[in-house]
Amino acid sequence: MILKKINTALFLVILFLFTNQFLAQKKVFEGNPDTAFKTARELAFNGKRAQAQDSLRFILTAYPDYLDIRAFLASTYSWDGSYARARKQFQYVLNKDEKRKTDWIAYIKNEQYAEKYYKALKLVKRGLQIFPNDPDLLLLKSKSEFNSANRADALRTIKNTAEKYPTNKAIFDYKNSLENELNFHTIGISFSTDYYDFDKDNGRGNMYYSSLTYSRQTVYGSINARINYSNRFETDNYQYELDLYPRIADGFYAYISGAFSNSPLNPTQRYGFELFKSLPKSFEASLGFRWLKFSSETTIYTGSLGWYTGNSYWALRSYVTPGFPGTSGSGRLIYRKYRSDADNYFTFEVGFGASPALDRFAPGFSGSEVFKLDSQALVFGYYFSSKSKKNIWGFNASMFREEKPFSKGEYFLYPTLGFSYAVRFK
């Protein structure tokens, strides 16, 4: 009886080892790859994508550089919403042969489906280096620019493309739809409150801020006119502001700003200028200044370094203010996570160093003293739009810790809550 059990166990072990060896031999495809590819395609187009993907992967064990098979596998992943798996296969294909325009298009669309619009735009630019002025890629470039909130660039790209390819129906259809969809005018309002009564030791009343903004989008950049109102220290303050964002060249634009006020707590004049330049690897850098006039004049030098990665944006901005008895500085680390497009995102910011803001402090300063005051800030914001993109809402909450101007080493601690709304129209 015992011998019989031993023989049975030995038989099962031998059977197991034989089966494993047999299966191991079958892990590499043996057969006609073209015929198997055709069968896998039929499976995929008949709704049996899992089986098709198994077959495609099996063929690739013997023919890893059969790029048509690998590209089709990538497409099936993209259809299933497995964008990361598709991305890996498309990268393999295009690293082997960058002249495959159809796969560039499929790869770019995969990133658009994944809502990685900045990555899609980066890929389009790479594709256009290989296929200059290609109409299909230019169409994708315009779509990627639009979804990245570069609406003026999107319209300019599609208009220029339509001029080059006047008989291309897809380009003209998109141009017409973009012109109908784009709303070139925006009116917005915002409100926020500094809650100094959050801390009874603050000894200040709450401060209130609001603004009314009109924006005009043009092919040369945006124009923004704004009226700012604040009530601080029981004093009403008004400021009139104009901001321009002119486009200079591809990946190169400027910020130009001017503001005027007769109110006692605002600078009588404020000007700003900054240049922004796109850099390789999805980086962006800027350098500029802000000039303010109170009873004396103050110049703040500022610069930033930003990085787009997927649907995320990181930026570090610094402010440097020369003056007596020494130079002061501050900085802010900014993170944004975009959702469907640049109108829909949440943001988190950390501020540190001497505050570059003047509007929170008591009257009686020439302007330069406040830059020597210490400050820390945490900011949270959430912004979203309606499906039509005509209505945009925003909410933000902040916590500030700022040094008291009349008592060095002591701090105000207070939160800020804000709300904004904007509507677009033609």
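Treat the numbers as computed from the prediction; the structure is a model and nothing was measured.

Peer 1: Any details on the environment of Tyr 195? Residues and values, ideally.
Peer 2: When you line up the elements, Tyr 195 lands in the loop between β1 (185-194) and β2 (207-218). When the C-alpha positions of Tyr 195 and Thr 416 are compared, they lie 6.1 Å apart, and in sequence the two are 221 residues distant. Discounting residues that sit within four places of it in the chain, Tyr 195 has contacts with Asn 206, Tyr 414, Pro 415 and Leu 417.

Peer 1: Account for helix α3 (residues 49-60), naming residues and giving values.
Peer 2: Look at α3: 16 Å from first C-alpha to last across 12 residues, which is about the 16 Å you get at 1.5 Å a residue. Residues of α3 that are buried include every one of Ala 52, Gln 53, Leu 56, Ile 59 and Leu 60, and no others. For α3, the buried positions fall inside an angular range of 125° around the axis, keeping them on one side. Packed against the buried residues of α3 are α2 (33-45) and α4 (67-79).

Peer 1: How would you summarise a nonpolar patch on the surface if you had to cite specific residues and measurements?
Peer 2: On the surface, a cluster of nonpolar side chains totalling about 790 Å² of accessible area is made up of Ile 187, Ile 189, Phe 191, Leu 212, Tyr 214, Ile 227, Tyr 238, Tyr 240 and Phe 425. Those elements that provide at least two residues to the nonpolar patch are β1, β2 and β4 (235-249). Looking at the secondary structure, you find Tyr 214 in strand β2.

Peer 1: Account for the nonpolar core, naming residues and giving values.
Peer 2: If you look at the biggest cluster of nonpolar residues, it comprises 30 residues, and the most contacted ones within it are Leu 56, Ile 69, Trp 104, Ile 108, Leu 137 and Leu 140. Contributing elements (two or more residues each) for this core: α2, α3, α4, α5 (83-96), α6 (101-113), α7 (117-130) and α8 (135-147). When residues no more than four places from it in sequence are discounted, the contact partners of Ile 108 are Ala 120, Leu 123, Val 124, Leu 137 and Leu 140. Core analysis: the second largest hydrophobic core is formed by 9 residues, Phe 146, Ile 158, Ala 162 and Ile 171 among them.

Peer 1: I'd like to hear about the packing of α4 against α5, residue by residue, with values.
Peer 2: Two elements in contact, α4 and α5, have axes separated by 8 Å at closest approach and are oriented at 155°. By the angle between their directions, the pair α4 and α5 is classed as roughly antiparallel. For the pair α4 and α5, the sense of crossing is left-handed. Note on element contacts: α5 touches α4 through Tyr 83, Arg 85, Ala 86, Gln 89, Phe 90, Tyr 92, Val 93 and Lys 96, opposite Leu 67, Arg 70, Ala 71, Leu 73, Ala 74, Ser 75, Tyr 77 and Ser 78. A per-class count over the contact of α4 with α5 returns 10 nonpolar, 3 polar and 3 charged.

Peer 1: Please provide a residue-by-residue account of unusual backbone geometry, values included.
Peer 2: Phi is positive for Glu 115, which is not a glycine, with a value near 60°. Here Glu 115 is to be found in the loop between α6 and α7. Phi is positive for Phe 233, close to 55°, though the residue is something other than glycine. Secondary-structure assignment places Phe 233 in the loop between β3 (221-232) and β4.

Thresholds, definitions, all that
- Residues numbered from 1 in each chain as written.
- Predicted model: local features only at pLDDT ≥ 70, side-chain atom pairs only at ≥ 80, totals over all residues.
- Heavy atoms only, no water.
- Helix = DSSP H or I, 4+ residues; strand = E, 2+ residues; numbered from the N terminus.
- Contact = heavy atoms within 4.5 Å.
- Expected span 1.5 Å × (residues − 1).
- Buried < 20%, exposed > 50% of the residue type's maximum accessible area, 1.4 Å probe, protein only.
- Arc of directions from axis to C-beta.
- Patch = residues over 30% accessible without salt bridge, like charges linked within 9 Å, V, L, I, M, F, W, Y side chains within 5 Å.
- Areas by Shrake-Rupley, 256 points an atom, 1.4 Å probe, with all protein chains shown as cover.
- Salt bridge = Lys/Arg side-chain N within 4 Å of Asp/Glu carboxyl O.
- Core = buried A, V, L, I, M, F, W, Y, C linked by side-chain atoms within 4.5 Å.
- Axes fitted to C-alpha atoms, helices over the stretch in contact; angles between N-to-C directions.
- Parallel < 35°, antiparallel > 145°, perpendicular 65-115°, else oblique.
- Left-handed = near helix turned anticlockwise from the far one by under 90°.
- Nonpolar A, V, L, I, M, F, W, Y, C, P; charged D, E, K, R; others polar.

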